[in-house]
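# A structural walkthrough
Here is how the chains run, residue by residue.
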Amino acid sequence: KAVVSTQSTGGKTHTYRISDRICNQHKGHIVTYNTREEYLWIEQNVMTKNTWYWVGIFCSVPSGTDPRNFYTPSGEDMRKIQMKLNVQTAQDINERLQPCVRSHKGHNSWRWRWDSQGCHEGNRAVCEIPIE
């Protein structure tokens, strides 16, 4: 797989939906980090600004802060990912009001503690694209 910043398409921040659409145009999706090592590599090599980035998470059923219950657009199993990633969320993630999460590049307090969002805010994103 390859990772590409959506900012290569003009440097703007986008809503979750627009960011995901940009990734989909390249046959990818917003990246879901599988390990801490993967996140750190992407942070150092792909993320260009010290700011918020969408994480490839979309909702939690039941509502809560346990990443094992989160859903990914790619269908990856968060129960397995959470064992290696070991992240927390600052607020509940749910399927209606705050279904999206973001992490902050270069900010130790937010790197492993995700912030929940309503998905309509503008943030940067990194796309995960399969190499053909």
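The present account deals with the structure reproduced in this document. Just so it is clear, the structure is predicted and the values come from calculations on it, not from any experiment. (Residues numbered from 1 in each chain as written. Predicted model: local features only at pLDDT ≥ 70, side-chain atom pairs only at ≥ 80, totals over all residues. Heavy atoms only, no water.)

The 4 strands lie next to each other as β3-β5-β6-β4, forming an open sheet whose pairing is mixed. Of all the strands in the sheet, the pair left with one neighbour each is β3 (52-58) and β4 (88-89). Here β4 pairs with strand β6 (residues 113-117) via 2 bridges, running parallel. Residue Gln-88 lies in a different strand from β6, and its bridge partner there is Arg-113. (Pairing = 2+ DSSP bridges. Helix = DSSP H or I, 4+ residues; strand = E, 2+ residues; numbered from the N terminus.)

Turning next to the pattern of salt bridges. Charged atoms that come close allow side chains of opposite charge to pair. According to the stated counting rule, one finds 4 salt bridges in the structure shown. One salt bridge connects Asp-77 with Arg-79, and the closest N-O pair in it is separated by 2.9 Å. (Salt bridge = Lys/Arg side-chain N within 4 Å of Asp/Glu carboxyl O.)

With that out of the way, let us pick up helix α2 (residues 36-45). Residues of α2 that are buried include every one of Glu-38, Tyr-39, Ile-42 and Glu-43, and no others. Mapping the buried residues of α2 onto a view down its axis gives an arc of 135°, with all of them on the same face. Relative to its buried face, α2 has exposed residues pointing more than 90 degrees away, namely Glu-37 and Gln-44. (Buried < 20%, exposed > 50% of the residue type's maximum accessible area, 1.4 Å probe, protein only. Arc of directions from axis to C-beta.)

Turning our eyes to something else, we now look at the state of the cysteines. Here, disulfide denotes a covalent bond that connects the sulfur atoms of two cysteines. A full pass over the atoms with the stated rule returns 2 disulfides. Through a disulfide, Cys-23 is tied to Cys-127; the S-S separation comes to 2.0 Å. Taking the torsion about the S-S bond as the criterion, the Cys-23 to Cys-127 disulfide, at about -80°, is left-handed. In this pair, Cys-23 is assigned in helix α1 (residues 16-25) and Cys-127 in strand β7 (residues 126-129), connecting sequence segments 104 residues apart. Under the relative-accessibility criterion, Cys-127 is labelled buried at 2%. What pairs with Cys-100 in a disulfide is Cys-119, and their sulfur atoms sit 1.8 Å apart. Judged by the sign of its S-S torsion, about 95°, the bond between Cys-100 and Cys-119 is right-handed. Here Cys-100 is found in strand β5 (residues 100-104), whereas its partner Cys-119 is found in the loop between β6 and β7, with 19 residues between them in sequence. (Disulfide = S-S within 2.5 Å.)

Another aspect to go through is the packing of aromatic side chains. Tallying each qualifying case throughout the model produces 5 aromatic pairs. Through successive ring pairs, a cluster of aromatic residues spans Tyr-16, Trp-54 and Phe-58. Above the plane of the ring of Trp-112 lies Arg-36, whose end atom (NZ or CZ) is 4.1 Å from the centre. The positively charged end of Arg-102 is found above the aromatic ring belonging to Trp-52, 3.9 Å away from the centroid. (Phe/Tyr/Trp six-rings, centres within 6.5 Å; stacked < 30°, edge-to-face > 60°. Lys NZ or Arg CZ within 6 Å of the ring centre and 35° of its normal.)

Turning our eyes to something else, we now look at the nonpolar core. Judged by nonpolar contacts, the single largest core of 19 residues is most densely connected at Tyr-33, Ile-42, Met-47, Ile-57, Leu-85, Trp-114 and Val-126. Contributing elements (two or more residues each) for this core: α2, β3 and α3 (78-85). Excluding residues that lie within four positions of it along the chain, Trp-114 makes contacts with Val-55, Ile-57, Phe-70, Leu-85, Val-87, Gln-88, Thr-89, Ala-90, Val-101, Arg-102 and Ser-103. (Core = buried A, V, L, I, M, F, W, Y, C linked by side-chain atoms within 4.5 Å. Contact = heavy atoms within 4.5 Å.)

This part covers α1. Listed in full, the buried residues belonging to α1 are Tyr-16, Ser-19, Asp-20, Ile-22 and Cys-23. The arc that holds the buried residues of α1, viewed along the axis, is 155°, so those residues lie on one side. Facing away from the buried side of α1 by over 90 degrees, the exposed positions are Arg-17 and Gln-25. Considering only its buried residues, α1 is in contact with β2 (29-30), β3, β5 and β7. Where α1 ends, the next residue or the one after it, Lys-27, has phi of about 65°, a positive value.

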